[in-house]
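Listed below are the residues making up each chain.
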Amino acid sequence: MSNQKKPTDYSKVVRIQIPSNPRFVSHTRNYFFNLCLEHGFSLFDSMDLKLVIGEAVVNIIRHAYAGQTGKPIFIEMQFDKDRVEIKLRDYGKKVEPKDLRSFDLSDYREHGIGLFMIKELTDYYFLDQSFEVGNQMVLIKRK
């Protein structure tokens, strides 16, 4: 069996860069909501992804960039026939595992329940901190 990776079909990949400014959150959420609808996701799944992307972008602005508004946020969505894979990349401060809220609603702390929502509304969630600088969140949602 070959370990060759299937070539990427770039007609199914959307990549954008936005500044870490809260005024771009709503535009970004709406853009990806419409993309999900166009790629065959249900209204409910598209709404879930809209919430997830908004929460992830806000978390990057708030935590990785400490509110700085001129830093880059890279977002990539790769659509397949049965799922979408979303990658959100920042070049900010690495998140300390002890600072992550648990996925238990009884562990409600000073801030919201963003990671709980992200975990509940996607099929797969992973925070990749293997980069020398920054973080990458990888999310998968199946149709």
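Placed above this text is the structure.
Residues numbered from 1 in each chain as written. Predicted model: local features only at pLDDT ≥ 70, side-chain atom pairs only at ≥ 80, totals over all residues. Heavy atoms only, no water.

Engineer: Is there a simple way to think about the packing of aromatic side chains in this case?
Structural biologist: For any pair of aromatic rings, the description consists of the separation of the ring centres together with the inter-plane angle of the planes. For the structure on display, the rule yields three aromatic pairs. Taking the centre distance of 5.2 Å and the plane angle of 70 degrees together, the rings of Y31 and F32 count as edge-to-face. Classification of Y31 as partly exposed rests on a relative accessible area of 39%. One cation-aromatic arrangement involves K50 over F33; the distance from NZ or CZ to the ring centre is 5.2 Å. (Phe/Tyr/Trp six-rings, centres within 6.5 Å; stacked < 30°, edge-to-face > 60°. Buried < 20%, exposed > 50% of the residue type's maximum accessible area, 1.4 Å probe, protein only. Lys NZ or Arg CZ within 6 Å of the ring centre and 35° of its normal.)

Engineer: Honestly, helix α3 (residues 114-121) in this entry has me stumped. Any pointers?
Structural biologist: Residue pairs spaced three or four apart in an α-helix point in one direction, given the helix's 3.6 residues per turn. Of all the residues in α3, the buried ones are G114, L115, F116, I118 and L121. Of the surrounding elements, those touching the buried residues of α3 are α2 (43-64), β4 (124-128) and β5 (135-142). (Helix = DSSP H or I, 4+ residues; strand = E, 2+ residues; numbered from the N terminus. Contact = heavy atoms within 4.5 Å.)

Engineer: I'm lost on a nonpolar patch on the surface in this one. Help?
Structural biologist: Together, L37, L43 and M47 line one region of the surface with nonpolar side chains, adding up to about 250 Å² of accessible area. Here L43 shows up in helix α2. (Patch = residues over 30% accessible without salt bridge, like charges linked within 9 Å, V, L, I, M, F, W, Y side chains within 5 Å. Areas by Shrake-Rupley, 256 points an atom, 1.4 Å probe, with all protein chains shown as cover. Salt bridge = Lys/Arg side-chain N within 4 Å of Asp/Glu carboxyl O.)

Engineer: Please clarify how the layout of surface pockets should be interpreted in this entry.
Structural biologist: Once rolled over the atoms, a probe with the size of a water molecule shows which space is left empty. Roughly 360 Å³ of volume is contained in the second largest pocket. Of all the secondary-structure elements, those providing two or more residues to the lining of the second largest pocket are β1 (13-19), β2 (72-79) and β3 (83-90). Class assignment of the residues belonging to the lining of the second largest pocket gives a composition of four nonpolar, two polar and 10 charged. (1 Å grid on protein atoms, 1.4 Å probe; cavity = no way out; pocket = protein on both sides within 12 Å on 5 of 7 lines; lining within 4 Å. Points joined across faces, edges and corners; volume = space filled by probe spheres on them. Nonpolar A, V, L, I, M, F, W, Y, C, P; charged D, E, K, R; others polar.)

Engineer: Would you take a moment to explain the sheet that holds β1 for this structure?
Structural biologist: Each strand in a sheet pairs with another by means of backbone hydrogen bonds, the pair being arranged parallel or else antiparallel. On the basis of which strands lie adjacent, the open sheet formed by five strands has the order β1-β2-β3-β5-β4 and antiparallel pairing. The strands lining the two open edges of the sheet, one partner per strand, are β1 and β4. Strand-to-strand twist across the sheet, computed as the mean angle between neighbouring axes with direction ignored, equals 15 degrees. Both β1 and β2 contribute to a ladder of seven bridges, which runs antiparallel. By the bridge assignment, V14 is partnered in β2 with M77. Across the face of the sheet, helix α1 (residues 25-38) comes into contact with β1 and β2 while running at roughly 170 degrees to β1. (Pairing = 2+ DSSP bridges. Axes fitted to C-alpha atoms, helices over the stretch in contact; angles between N-to-C directions.)

Engineer: I tried to follow unusual backbone geometry on my own but got confused; where do I start?
Structural biologist: Both trends apply: most residues other than glycine have a negative phi, and most peptide bonds are in trans. Positive phi, close to 50 degrees, is recorded for A66, a residue that is not glycine. Relative to the helices and strands, A66 is located in the loop between α2 and β2. Residue classification places A66 among the exposed positions, given a relative accessible area of 63%.

Engineer: Just to check I follow, could you spell out the pattern of salt bridges for this structure?
Structural biologist: Side-chain pairs of opposite charge can arise whenever the charged atoms involved come near each other. This structure, assessed with the given rule, holds six salt bridges. Across the pair R15 and E76 runs a salt bridge, and its minimum N-O distance is 2.5 Å. With R15 in strand β1 and E76 in strand β2, the pair connects residues that are 61 residues apart, well separated along the chain. Residues D48 and K141 are paired through a salt bridge, measuring 3.7 Å at the closest nitrogen-oxygen approach. Remark: K141 occurs in strand β5 and D48 occurs in helix α2; sequence separation between them is 93 residues.

Engineer: Before we go on, may I ask you to explain the side chain of N59 in this structure?
Structural biologist: With respect to the element layout, N59 can be found in helix α2. Take N59: its relative accessible area is 15%, and that puts it in the buried class. Contacts of N59, omitting those with residues within four sequence positions, involve A64, L115 and I118.

Nothing here speaks to function; it is geometry throughout.
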